Amino acid sequence: MATSLMRRCFRGALIRGALMGRTTVKLGSISASFRCKYTDANKFKGFKGKHKPMVFVDDGEVDRGNGSERFDLEDAEYDAVVNSAMHVQKRLQNEQHVLVIQPYVKWGPKKSGSQPEHQLQEAEALVRSLPKWRVEYSLKVPLESLEKKQLFGAGKLEEIKAILSDLQTSGKLITCVFISKGTLTLGQKQLLEQHFKLPVMDRYSVVIQILRLHAISTEAKLQVAMAEIPYIWSQMKDQDASKGRVYFTESQKQMLRLRERKLKNELATIRSHRELLRNKRKQKAYPIVAVVGYTNAGKTSLIKALTEEKSLEPKDQLFATLDVTAHAGLLPCKLEVLFMDTVGFMADIPTGLIECFVATLEDAMLADVIVHVQDVSHENFLEQKKHVETTLSSLLKTTGVASSHPKLDNVINVGNKVDLLPTTEKPTDMHLVSSKTLHGINELLQEIERQILQVTGRQKIIIRVPMGGSEVAWLYKNAAVTETAADPKDSQRMLVSAVITEAKLQQFRHQFVRNGAR
Ligand SMILES: Nc1nc2c(ncn2[C@@H]2O[C@H](COP(=O)(O)OP(=O)(O)OP(=O)(O)O)[C@@H](O)[C@H]2O)c(=O)[nH]1
Ligand SMILES: [Mg+2]
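Residues numbered from 1 in each chain as written. Chains lettered and ligands numbered in written order. Predicted model: local features only at pLDDT ≥ 70, side-chain atom pairs only at ≥ 80, totals over all residues.

A word on the site of ligand 1. The environment of ligand 1 is formed by 24 residues, the closest being G298, P314, D316, T321 and G344. For the shell around ligand 1, the element with the highest residue contribution is helix α9 (residues 299-307), accounting for three residues. Looking at the shell around ligand 1 residue by residue, the class counts come to six nonpolar, twelve polar and six charged. (Near = placed C-beta within 6 Å. Helix = DSSP H or I, 4+ residues; strand = E, 2+ residues; numbered from the N terminus. Nonpolar A, V, L, I, M, F, W, Y, C, P; charged D, E, K, R; others polar.)

With respect to topology, four strands assemble into an open sheet ordered β5-β4-β6-β7, the strand pairing being parallel. The open sheet is flanked by β5 (133-143) and β7 (200-201), the only strands paired with a single partner. Two strands pair when backbone bridges link them, and strand β4 (residues 96-105) and β5 are joined in this way by ten bridges, in the parallel orientation. Within β5, the position partnered with I101 by the bridge is L139. Where helix α3 (residues 116-128) meets the sheet, it contacts β4, β5 and β6 (176-179), and its direction lies at approximately 155 degrees from that of β4. (Pairing = 2+ DSSP bridges. Contact = placed C-beta atoms within 7 Å. Axes fitted to C-alpha atoms, helices over the stretch in contact; angles between N-to-C directions.)

The next subject is the nonpolar core. One recurring pattern in soluble globular proteins is that nonpolar side chains are buried together. The biggest cluster of nonpolar side chains holds 104 residues, and the ones touching the most others in it are F178, V289, A290, V291, F339, M340 and A498. Per-element accounting of this core gives the leading share, eight residues, to helix α7 (residues 218-242). (Core = buried A, V, L, I, M, F, W, Y, C linked by C-beta atoms within 7 Å. Buried ≥ 20, exposed ≤ 12 C-beta atoms within 10 Å, placed from the backbone.)

Attention now moves to the domain arrangement of the protein. For the protein, the assigned domains are domain 1 (76-215), domain 2 (285-455) and domain 3 (458-514). When each unit is reduced to the centre of its C-alpha atoms, the spacing between domain 2 and domain 3 is 34 Å. Of the residues in the side of domain 2 that touches domain 3, the class split is three nonpolar, no polar and two charged. (Domains from an automatic or database assignment.)

Another point: unusual backbone geometry. Positioned with a positive phi, K197 is a non-glycine residue whose angle comes to about 55 degrees. Along the chain, the position of K197 falls in the loop between α5 (186-196) and β7. Judged by C-beta crowding, with 9 C-beta atoms within 10 Å, K197 ranks as exposed. Positioned with a positive phi, L438 is a non-glycine residue whose angle comes to about 70 degrees. With respect to the element layout, L438 can be found in the loop between β13 (431-432) and α13 (441-455).

See below:
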């Protein structure tokens with residue numbers, strides 16, 4: 001027991017040593033130094049249970065050597081611009097009492113793809129993801145098209161105004177109107193604001209407000225800042241085209257250009273840093289399992305269940321996770337793997353917003369195995385599944401990933417929240433689990449192990465080696481030793497169980513088999 005604990009600590013120390021602290025990597029001509037930050041350092045003092053809790057966040061901090069400056073996101077001039085373009089606030093101090101409107105096309109070729117009821121539920125969930133925001137009233141509005149210059153026709157507009165006025169006279173406080181459409185043009189927004197006499201927000205600006213709240217690492221903050229820029233540009237272009245009131249001045253446009261350039265540079269640096277980290281992990285040969293899925297499907301909860309890591313905090317909020325974090329876990333064969341938590345997907349989010357998170361998703365797509373988590377208790381889960389699959393395959397084409405991974409054929413489909421489903425309605429074509437009750441978790445770990453061993457060309461072996469020989473140290477260094485035991489047939493030898501790649505096995509044979517290892 002004591003030896004097994006020591007062995008675990010030894011291997012854990014190897015991983016920690018590799019991932020913690022300031023490290024310099026040299027890859028060919030590139031050299032960079034970076035820092036990885038554990039979010040729960042106390043956990044590393046000892047191991048309990050079968051898994052070692054470990055998490056590190058790549059905080060995106062890159063050593064720039066001779067004092068080049070870090071880009072400062074705080075900028076009062078920018079805050080004024082972003083506030084007038086999308087009504088987002090720097091700090092969410094104010095309560096918002098929201099009227100949610102879900103416009104949809106009922107007939108014709110432009111008929112909305114998703115059910116309006118589901119879209120409305122998602123819009124309400126977005127509002128509830130902001131701590132001081134309340135949905136006061138919500139309604140669906142059928143339209144012929146979502147592209148009309150004024151969005152709503154005169155009749156519909158009067159109907160909405162009457163509802164708003166009834167709400168206000170009955171004593172309900174309404175402080176803003178959320179039109180659940182990807183983006184509204186500046187013209188549509190201004191007109192609606194004049195009619196409602198309230199700030200009007202679209203899906204893009206509400207999502208940005210959530211992302212601002214949940215961004216913790218430098219990289220996530222930069223990505224959110226970058227995601228705001230295309231929206232502001234589109235509003236500025238609308239202003240120029242409409243020749244109406246000037247909301248944005250020339251000097252503000254210049255400031256935006258400069259900010260965009262700086263953000264691009266900063267993100268490019270982080271991107272190359274991320275690549276170094278990726279290579280570093282590859283060199284260390286830890287198999288990577290990326291966990292992807294629709295927002296709120298239970299990605300963080302599943303990783304918590306798979307790794308038994310107590311520090312992870314799943315939340316009933318959309319876009320709760322914005323940082324890609326890696327969490328160490330053990331497969332049943334005792335091979336150590338890293339589970340990567342990722343940003344969730346959501347339909348009707350304009351591509352400009354998603355693009356800023358592409359670098360983090362690229363990491364996920366390059367994993368050895370991808371676990372696609374789906375919330376099977378959600379009435380719309382098949383549509384959510386399709387959305388994730390379509391976005392992943394289009395990302396595959398637009399990023400450089402396709403050259404090394406032409407197809408996403410390493411995906412394990414997992415149906416989560418099965419505890420919320422009646423027994424008669426369970427789908428049969430996926431691994432059903434409950435991250436809450438831990439139902440199906442061991443079976444899923446077995447499946448992940450099977451795929452990891454297959455994809456990474458590893459195999460489980462038991463080798464008989466001389467007691468106290470250099471073979472054991474070699475195996476600890478070059479393979480994942482999972483168990484050692486005295487050989488019952490020969491007191492001079494021991495049996496070592498290990499998970500090893502074919503190449504390393506050949507090397508071992510070449511080096512030792514003549515010396516008597518079998
Ligand atoms: N009943 C039940 N609830 C679950 C299960 N798994 C997750 N949840 C709940 O679902 C909500 C979302 O869980 P998360 O793990 O944060 O989901 P996520 O996919 O990481 O969400 P984002 O990071 O926002 O994309 C939380 O309230 C969880 O407690 C499950 O198996 N059963
Ligand atoms: Mg999460």
